[in-house]
Amino acid sequence: MGCCAAKGLHSQNQVVERDRRRLSVNKAEDVANAPKTDVRGNVATSLEGNILDLFPDAQRRTSVTGAVPPDGVQQKGFADKPTRKGGDEGLKNFKVGCACKKGLKPESPNQDDFCIFRADGTSIYGVFDGHGPYGHDVSAFVQEALPRCFAQDPQFVDDPEKALCAAFPAAHR
């Protein structure tokens, strides 16, 4: 995430020259080329439903989260991350905006993720910065799990600081 005014930013061919590439982990290409799997253990069972369902009495609700591109689609550098939108209203009505751009490593997916949840006077904003060969998987998991653990904590309304502190180990389980 960030911005830059690079030469050729708006050109049709946004491929990075091989000698200008850099890797943060030396096995990133091996991992990126490994067969994909949907097996995530018991994670799916803990993430069912929309987090906005936890606020059934809210009159104004909206959410925007990062989404994984379709299988086989390799985003170009500085491409926008796909998003999922939910709720009754758009972010414009809440005067909130977001941007998440892929970096220049052509062999790596966008490893960052984000979430925005608004329900009446309650807001949850998250930015998740992935690193390494599995950074995109980790940031996507935390983007789904952490806000849910936070909002479901019994202390969420009365003591949000304690609820947030408890959400991290709960999401880690």
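Rules of the game
Along every chain, residues carry numbers that run from 1 in the direction the sequence is written. For this predicted model, a pLDDT threshold of at least 70 governs which residues receive local features, and a threshold of 80 or more governs which side-chain atom pairs are given and counted, while totals over whole chains, interfaces and linings are taken from all residues. The side-chain figures draw on all heavy atoms in the structure; neither hydrogens nor water molecules are used. Put simply, DSSP H or I for four residues or longer makes a helix, DSSP E for two residues or longer makes a strand, and each gets a number counted from the N terminus. Relative accessibility under 20% of the residue-type maximum defines a buried residue, over 50% an exposed one, and the middle range a partly exposed one, all with a 1.4 Å probe and only protein chains included. Whether two residues are in contact is decided by their heavy atoms, any of which lying within 4.5 Å being enough. Using the Shrake-Rupley algorithm and a 1.4 Å probe, accessible areas are obtained, with residue cover drawn only from the displayed protein chains. When the centres of two rings from Phe, Tyr and Trp lie within 6.5 Å, Trp using its six-membered ring, the rings pair. Their planes under 30 degrees apart give stacked, over 60 give edge-to-face, and anything left gives tilted. Cation placement over rings: the criterion is NZ of Lys or CZ of Arg within 6 Å of the ring centroid and within 35° of the ring normal. Per-residue confidence from the prediction method is given by pLDDT, with values spanning 0 to 100. Definition of a polar contact: a pair of N or O atoms within 3.5 Å, with one able to donate and the other able to accept a hydrogen when the atoms are protein atoms, and with sequence-neighbouring residues admitted only if both atoms are side-chain atoms.

Chemist: Could you clarify how one ought to interpret the overall build of the protein in this entry?
Modeler: In terms of regular secondary structure, the protein is built from four helices and four strands. Listed N to C, the secondary structure of the protein is α-α-β-β-β-β-α-α in terms of helices and strands. For the protein, the proportion of its 173 residues judged to be buried stands at 34%. Restricting the contact set of the protein to residue pairs at least 6 apart, pairs at least 24 apart contribute 59%. Put simply, the protein shows about 11600 Å² of open surface, and 52% of that area lies on carbon and sulfur atoms.

Chemist: What's the story with the packing of aromatic side chains in this structure? I'm lost.
Modeler: Centre distance and the angle of the planes are the two values used to describe a pair of aromatic rings. According to the stated counting rule, one finds two aromatic pairs in the structure shown. Aromatic side chains Phe150 and Phe156 sit 4.9 Å apart centroid to centroid with 85° between the ring planes, which places their arrangement in the edge-to-face category. Summarising the burial analysis for this pair, Phe150 and Phe156 share the class buried. Put simply, the rings of Phe55, Phe150 and Phe156 touch in pairs and so form one group of aromatic residues. Over the face of the ring belonging to Phe94 we find Arg60, whose NZ or CZ atom lies 4.5 Å from the ring centre.

Chemist: I keep staring at the confidence of the model for the protein and nothing clicks. Help me out?
Modeler: Detailed reading of the predicted model is not advised wherever pLDDT is low. For the protein, per-residue confidence averages 78 on the pLDDT scale, and 72% of positions sit at 70 or higher. Counting contacts from residues 1–14, a segment whose pLDDT is below 50, to residues more than four positions away or on other chains yields twelve contacts. Counted against residues more than four places away or in other chains, residues 36–47, with its pLDDT under 50, gives nine contacts.

Chemist: Sorry if this is basic, but what is going on with the side chain of Asn110 here?
Modeler: Take Asn110: it is sitting in the loop between strand 2 (83–87) and strand 3 (112–119). By relative accessible area, which is 6% here, Asn110 ends up buried. Within the structure, Asn110 has its side chain in polar contact with the backbone nitrogen of Asp112 (distance 2.9 Å). Not counting residues within four places of it along the chain, the set of residues in contact with Asn110 comprises Gln75, Lys81, Cys100, Lys101, Lys102 and His136.

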